[in-house]
Amino acid sequence: MTASRPTKIEESLTTQRRYDRQAALFDLMEVPVELLAFRKLRRRLWGEVDGAVVLEIGVGTGKNIPYHRADARTVAVDISPRMLRRAARRARRLERDEDLVLADVQHLPFRDGAFDAASATFVFCSVPAPTSGLQEVRRVVRDGGRVHLLEHVRAPNPIVGRLMDLANPIAVRLSGANINRDTVSNVAKAGIALDDVESRGFGIIKIMRGSAGQGSSGQGERQPRAGGEK
Ligand SMILES: C[S@@+](CC[C@H](N)C(=O)[O-])C[C@H]1O[C@@H](n2cnc3c(N)ncnc32)[C@H](O)[C@@H]1O
């Protein structure tokens, strides 16, 4: 008997369960990387996000909330109820008025062009079909609206990249995150026109800036099968 491939819904539920499971310890586990690098990168990324209505994808425990613009309305989504609950707690503590929505980026409950800009930090490593998720981001951001992403990706060094490929199944099981994704290509495939990709940490960390819309259909209009994306 052959095992059948999980459906998209099953994959999303697995991702949700993985993040629900680690929500309580998530911030604690990430203290070292936050202090070493991520906090500074978050502040920089969000300092560039502009617009009256902004979407944050995969808000997690709300680490970016302190950097959300006070003069914009930010709608933040996540697939994990437990991560969202922590984000809500952080928003209350910081006295920030945030719209927190339980949603899968692969099927966003927003109309076309609803947002002036969108941003995500360390999210598309976990989304089961990242190009589909990025296509949704492109759909809900208005024509010419900006997309700001901070992601970790497969190392450009072939030996390190190969080691990441080998370790990936364990990383996914433990954390829900793929460590060997080619997110820069996925963004381009989704039709988000990148005008800047900045590399940090030996090319493993990427800061991407691009525009949605502009009539580009992207190369990734085809909806990939579950498990079929890198
Ligand atoms: C590594 S955490 C990063 C959280 C936060 N952005 C940060 O920088 O701390 C990835 C987050 O993406 C969320 N996520 C994963 N897949 C998602 C999906 N399909 N739709 C929405 N959120 C998703 C997870 O629940 C988790 O909160």
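Use the structure listed above.
Notes on the structure follow. Since this is a predicted model, take the numbers as computed values, not measurements.

What follows is about the packing of helix α1 (residues 8-29) against helix α3 (residues 81-93). Two packed helices can be described by the angle between their axes and the distance between those axes. Running from amino to carboxyl end, α1 crosses α3 at an angle of 35°, the nearest separation of the two axes being 7 Å. Of α3, the residues touching α1 (which contributes Gln 16, Tyr 19, Asp 20, Ala 23, Ala 24, Phe 26 and Asp 27) are Pro 81, Arg 82, Met 83, Arg 86 and Arg 90. Grouping the amino acids of the contact of α1 with α3 by side-chain chemistry returns 6 nonpolar, 1 polar and 5 charged.

Inspection of the secondary structure assignment puts Glu 198 in strand β6 (residues 193-200). The class for Glu 198 is buried, based on a relative accessible area of 19%. Among the polar contacts made by the side chain of Glu 198, one reaches the side chain of Arg 44 at a distance of 2.7 Å. Among residues more than four places away in sequence, those in contact with Glu 198 are Arg 44, Ile 205, Lys 206, Ile 207 and Arg 209.

Another aspect to go through is the pattern of salt bridges. Oppositely charged side chains can form a pair if their charged atoms are brought close together. Scanning the model with the defined rule gives 18 salt bridges in all. A salt bridge links Arg 69 to Asp 50; the shortest N-O distance between them is 3.1 Å. On the criterion of sequence distance, the pair formed by Arg 69 in the loop between β1 (53-57) and β2 (73-78) and Asp 50 in the loop between α2 (31-47) and β1 is long-range, its members being 19 residues apart. In this structure, Arg 142 and Asp 116 form a salt bridge, with 3.0 Å as the shortest nitrogen-oxygen distance. Separated by 26 residues along the polypeptide, Arg 142 in strand β5 (residues 141-152) and Asp 116 in strand β4 (residues 115-121) bring together distant segments of the chain. Within the structure, one salt-bridge network assembled from shared partners comprises Arg 44, Glu 48, Asp 196, Glu 198, Arg 200 and Arg 209.

To continue, consider the nonpolar core. Leu 55, Ile 57, Phe 110, Phe 124, Val 137 and Leu 149 are the most contacted members of the largest nonpolar core, which totals 25 residues. Taken together, the elements giving at least two residues each to this core come down to β1, β2, β4, α4 (130-140) and β5. Residues contacting Leu 55, with those up to four places away along its chain left out, are Val 75, Val 77, Leu 108, Phe 110, Phe 115, Ala 117, Ala 118, Ser 119 and Val 140. One finds Leu 41, Leu 45, Trp 46 and Val 49 within the second-largest nonpolar core, a separate group that totals 13 residues.

Turning to α2, a few remarks are in order. Two residues of an α-helix separated by three or four positions point the same way, owing to the 3.6 residues in each turn. Of all the bends in α2, the largest measures some 55° and sits at Ala 37. In this structure, the buried residues of α2 make contact with β1, β4, β5, β6 and β7 (205-211).

Here we come to the sheet that holds strand β3 (residues 99-102). Ordered in space as β3-β2-β1-β4-β5-β7-β6, the 7 strands form an open sheet in which the pairing is mixed. Either end of the sheet is taken by a strand with one partner, and the two such strands are β3 and β6. Each strand of the sheet is rotated relative to its neighbour by a mean of 15°, with strand direction disregarded. In this sheet, β7 lies alongside β6 in antiparallel orientation, the contact comprising 7 bridges. Each residue of the ladder has a partner; that of Val 197, found in β7, is Met 208.

Another point: a positive patch on the surface. Judged by side-chain charge, Arg 82, Arg 85, Arg 89, Arg 92 and Arg 93 come together as a positively charged surface patch. Inspection of the secondary structure assignment puts Arg 93 in helix α3. On the accessibility criterion, Arg 93 (60% relative accessible area) is exposed.

Close to the ligand lie 21 residues; Arg 42, Gly 58, Asp 78, Asp 104 and Thr 121 are nearest. Within the side chain of Arg 42, an N or O atom sits 2.7 Å from an oxygen atom of the ligand. Between the ligand and Asp 104 there is a distance of 2.8 Å, counted from a nitrogen atom to a side-chain nitrogen or oxygen. Starting from 590 Å² of accessible surface for the ligand in isolation, the protein chains cover 98%. When each cavity is represented as a set of grid points, the ligand is found to reside in the largest pocket. Broken down by element, the shell around the ligand gets its largest block of residues, 3 residues, from α1.

Right, let's talk about α4 for a bit. The buried fraction of α4 is high, at 10 of 11 residues. Residues Pro 130, Thr 131, Ser 132, Gly 133, Leu 134, Gln 135, Glu 136, Val 137, Arg 138 and Val 140 constitute the buried set of α4. Looking at the buried side of α4, the elements it contacts are α1, β1, β4, β5 and α6 (183-189).

Thresholds, definitions, all that
- Residues numbered from 1 in each chain as written.
- Predicted model: local features only at pLDDT ≥ 70, side-chain atom pairs only at ≥ 80, totals over all residues.
- Heavy atoms only, no water.
- Axes fitted to C-alpha atoms, helices over the stretch in contact; angles between N-to-C directions.
- Helix = DSSP H or I, 4+ residues; strand = E, 2+ residues; numbered from the N terminus.
- Contact = heavy atoms within 4.5 Å.
- Nonpolar A, V, L, I, M, F, W, Y, C, P; charged D, E, K, R; others polar.
- Buried < 20%, exposed > 50% of the residue type's maximum accessible area, 1.4 Å probe, protein only.
- Polar contact = N/O pair within 3.5 Å; in protein donor to acceptor, adjacent residues only side chain to side chain.
- Salt bridge = Lys/Arg side-chain N within 4 Å of Asp/Glu carboxyl O.
- Core = buried A, V, L, I, M, F, W, Y, C linked by side-chain atoms within 4.5 Å.
- Bend = angle between axes of the 7 residues up to and from the residue.
- Pairing = 2+ DSSP bridges.
- Patch = residues over 30% accessible without salt bridge, like charges linked within 9 Å, V, L, I, M, F, W, Y side chains within 5 Å.
- Areas by Shrake-Rupley, 256 points an atom, 1.4 Å probe, with all protein chains shown as cover.
- Lys, Arg positive; Asp, Glu negative; His and termini not counted.
- Charge placed at Lys NZ, Arg CZ, Asp CG, Glu CD.
- Near = heavy atom within 4 Å.
- 1 Å grid on protein atoms, 1.4 Å probe; cavity = no way out; pocket = protein on both sides within 12 Å on 5 of 7 lines; lining within 4 Å.
- Sits in = over half its atoms within 2 Å of the grid points.

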